[in-house]
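This is what each chain is made of:
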Amino acid sequence: QVQLVESGGGLVQSGGSLRLSCAASGTTRSIVAVGWYRQAPGKQRELVAGIPEGGATIYADSVKGRFTISRDDAKNTVYLQMNSLKPEDTAVYYCHARNGVSGYWGQGTQVTVSS
(Lines give C-alpha, C1' and ligand atoms only; values in the text may rest on other atoms or scores of the structure.)
Protein backbone atom coordinates (compact mmCIF):
# COMPACT_ATOMS: atom_id res chain seq x y z
CA GLN A 1 0.00 0.00 0.00
CA VAL A 2 1.06 3.54 -0.75
CA GLN A 3 -0.36 6.67 0.84
CA LEU A 4 -0.04 10.07 -0.85
CA VAL A 5 -0.55 13.49 0.71
CA GLU A 6 -0.49 16.64 -1.42
CA SER A 7 0.24 20.15 -0.18
CA GLY A 8 1.13 23.55 -1.54
CA GLY A 9 -2.08 24.59 -3.24
CA GLY A 10 -3.69 27.96 -2.74
CA LEU A 11 -4.81 31.19 -4.33
CA VAL A 12 -2.41 33.02 -6.62
CA GLN A 13 -2.68 35.81 -9.15
CA SER A 14 -2.28 35.22 -12.84
CA GLY A 15 1.42 35.06 -13.70
CA GLY A 16 2.36 33.81 -10.26
CA SER A 17 3.95 30.56 -9.13
CA LEU A 18 3.20 27.70 -6.79
CA ARG A 19 5.01 24.51 -5.90
CA LEU A 20 2.97 21.44 -5.09
CA SER A 21 4.40 18.61 -3.03
CA CYS A 22 3.27 15.01 -2.78
CA ALA A 23 4.64 13.03 0.15
CA ALA A 24 4.49 9.27 -0.18
CA SER A 25 4.51 6.72 2.61
CA GLY A 26 4.06 2.97 2.87
CA THR A 27 5.70 0.65 0.36
CA THR A 28 7.34 3.48 -1.55
CA ARG A 29 10.13 1.30 -2.94
CA SER A 30 7.54 -0.38 -5.15
CA ILE A 31 6.63 2.85 -6.94
CA VAL A 32 7.61 2.82 -10.62
CA ALA A 33 5.75 5.84 -11.97
CA VAL A 34 4.40 9.11 -10.56
CA GLY A 35 2.31 11.90 -11.96
CA TRP A 36 0.22 14.97 -11.33
CA TYR A 37 -3.35 15.22 -12.61
CA ARG A 38 -5.91 17.97 -12.32
CA GLN A 39 -9.66 18.25 -12.47
CA ALA A 40 -11.50 21.49 -13.07
CA PRO A 41 -15.24 21.84 -12.29
CA GLY A 42 -17.33 20.10 -14.92
CA LYS A 43 -14.29 18.59 -16.63
CA GLN A 44 -12.61 15.22 -16.67
CA ARG A 45 -9.43 14.58 -14.74
CA GLU A 46 -6.43 15.09 -17.00
CA LEU A 47 -2.74 14.33 -16.84
CA VAL A 48 -0.61 17.41 -16.22
CA ALA A 49 2.85 15.91 -15.86
CA GLY A 50 4.34 12.49 -15.23
CA ILE A 51 7.51 10.54 -14.70
CA PRO A 52 6.76 7.11 -16.12
CA GLU A 53 8.79 3.98 -15.61
CA GLY A 54 12.06 4.67 -17.41
CA GLY A 55 12.32 8.26 -16.22
CA ALA A 56 11.46 10.45 -19.23
CA THR A 57 9.09 13.17 -18.12
CA ILE A 58 5.91 13.96 -20.01
CA TYR A 59 3.76 17.09 -19.94
CA ALA A 60 0.39 18.16 -21.20
CA ASP A 61 0.75 20.59 -24.08
CA SER A 62 -1.07 23.26 -22.07
CA VAL A 63 1.65 23.33 -19.38
CA LYS A 64 4.83 22.70 -21.36
CA GLY A 65 7.44 25.32 -20.60
CA ARG A 66 5.59 26.47 -17.47
CA PHE A 67 5.39 23.41 -15.20
CA THR A 68 8.17 21.11 -14.04
CA ILE A 69 7.74 17.76 -12.33
CA SER A 70 10.52 16.31 -10.21
CA ARG A 71 10.99 13.63 -7.59
CA ASP A 72 13.24 13.31 -4.57
CA ASP A 73 13.42 9.62 -3.75
CA ALA A 74 15.39 10.28 -0.57
CA LYS A 75 12.40 12.26 0.73
CA ASN A 76 9.75 10.10 -0.97
CA THR A 77 8.33 13.30 -2.42
CA VAL A 78 7.20 14.40 -5.86
CA TYR A 79 7.01 18.08 -6.75
CA LEU A 80 5.20 20.14 -9.35
CA GLN A 81 6.68 23.58 -9.88
CA MET A 82 4.10 25.76 -11.60
CA ASN A 83 5.16 29.09 -13.10
CA SER A 84 3.33 31.67 -15.20
CA LEU A 85 0.03 30.42 -13.87
CA LYS A 86 -3.13 31.21 -15.79
CA PRO A 87 -6.78 31.28 -14.69
CA GLU A 88 -7.36 28.14 -16.78
CA ASP A 89 -4.93 26.28 -14.50
CA THR A 90 -7.52 26.52 -11.73
CA ALA A 91 -8.39 22.99 -10.61
CA VAL A 92 -7.93 20.40 -7.91
CA TYR A 93 -4.52 18.84 -8.41
CA TYR A 94 -4.00 15.18 -7.58
CA CYS A 95 -0.86 13.18 -7.13
CA HIS A 96 -0.79 9.65 -8.54
CA ALA A 97 1.67 6.81 -8.01
CA ARG A 98 1.77 3.39 -9.56
CA ASN A 99 3.55 0.21 -8.66
CA GLY A 100 3.44 -3.05 -10.54
CA VAL A 101 -0.01 -3.91 -9.20
CA SER A 102 -2.06 -0.81 -8.38
CA GLY A 103 -2.40 2.92 -8.74
CA TYR A 104 -2.82 5.27 -5.81
CA TRP A 105 -4.29 8.75 -5.50
CA GLY A 106 -3.85 11.54 -3.02
CA GLN A 107 -6.76 13.57 -1.68
CA GLY A 108 -6.05 16.54 -3.93
CA THR A 109 -5.09 20.16 -3.34
CA GLN A 110 -6.97 23.16 -4.71
CA VAL A 111 -5.17 25.63 -6.96
CA THR A 112 -7.02 28.82 -7.82
CA VAL A 113 -5.56 31.39 -10.19
CA SER A 114 -7.23 34.78 -10.23
CA SER A 115 -7.17 37.05 -13.26
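Our structure's up above, just so we're on the same page.
The structure reproduced in this document is the subject of the present report.

Rules behind the numbers
Residues numbered from 1 in each chain as written. Predicted model: local features only at pLDDT ≥ 70, side-chain atom pairs only at ≥ 80, totals over all residues. Heavy atoms only, no water. Helix = DSSP H or I, 4+ residues; strand = E, 2+ residues; numbered from the N terminus. Contact = heavy atoms within 4.5 Å. Pairing = 2+ DSSP bridges. Axes fitted to C-alpha atoms, helices over the stretch in contact; angles between N-to-C directions. Phe/Tyr/Trp six-rings, centres within 6.5 Å; stacked < 30°, edge-to-face > 60°. Buried < 20%, exposed > 50% of the residue type's maximum accessible area, 1.4 Å probe, protein only.

1. Focus: the side chain of His-96
Structurally, the position occupied by His-96 is in strand S9 (residues 91–98). Those residues in contact with His-96, other than ones at most four positions away along the chain, are Leu-4, Ala-33, Val-34, Gly-35, Tyr-37, Gly-103, Tyr-104 and Trp-105.

2. Considering the sheet that holds strand S1 (residues 2–7)
If you trace the four strands from one edge of the open sheet to the other, you get S1-S3-S8-S7, paired in antiparallel fashion. Lying at the two open borders of the sheet, with one neighbouring strand each, are S1 and strand S7 (67–72). When the angles between neighbouring strand axes are averaged without regard to direction, this sheet yields 15°. The sheet contact formed by strand S3 (residues 18–26) and strand S8 (residues 77–82) spans six bridges and is antiparallel. Among the inter-strand pairings, Leu-20 is bridged to a residue of S8, identified as Leu-80.

3. Quick notes on the packing of aromatic side chains
Under the definition given, this model contains two aromatic pairs. Measuring from ring centre to ring centre gives 5.0 Å for Tyr-37 and Trp-105, while their planes differ by 70°; the resulting arrangement is edge-to-face. On the criterion of sequence distance, the pair formed by Tyr-37 in strand S4 (residues 33–39) and Trp-105 in strand S10 (residues 103–105) is long-range, its members being 68 residues apart. Taking relative accessible area as the criterion, Tyr-37 reaches 23% and is therefore assigned partly exposed. Measuring from ring centre to ring centre gives 6.3 Å for Tyr-94 and Trp-105, while their planes differ by 90°; the resulting arrangement is edge-to-face. One end of the pair, Tyr-94, is in strand S9; the other, Trp-105, is in strand S10, and eleven residues separate them in sequence. By relative accessible area, which is 40% here, Trp-105 ends up partly exposed. Taken together, the aromatic side chains of Tyr-37, Tyr-94 and Trp-105 make up a single cluster linked through ring pairs.

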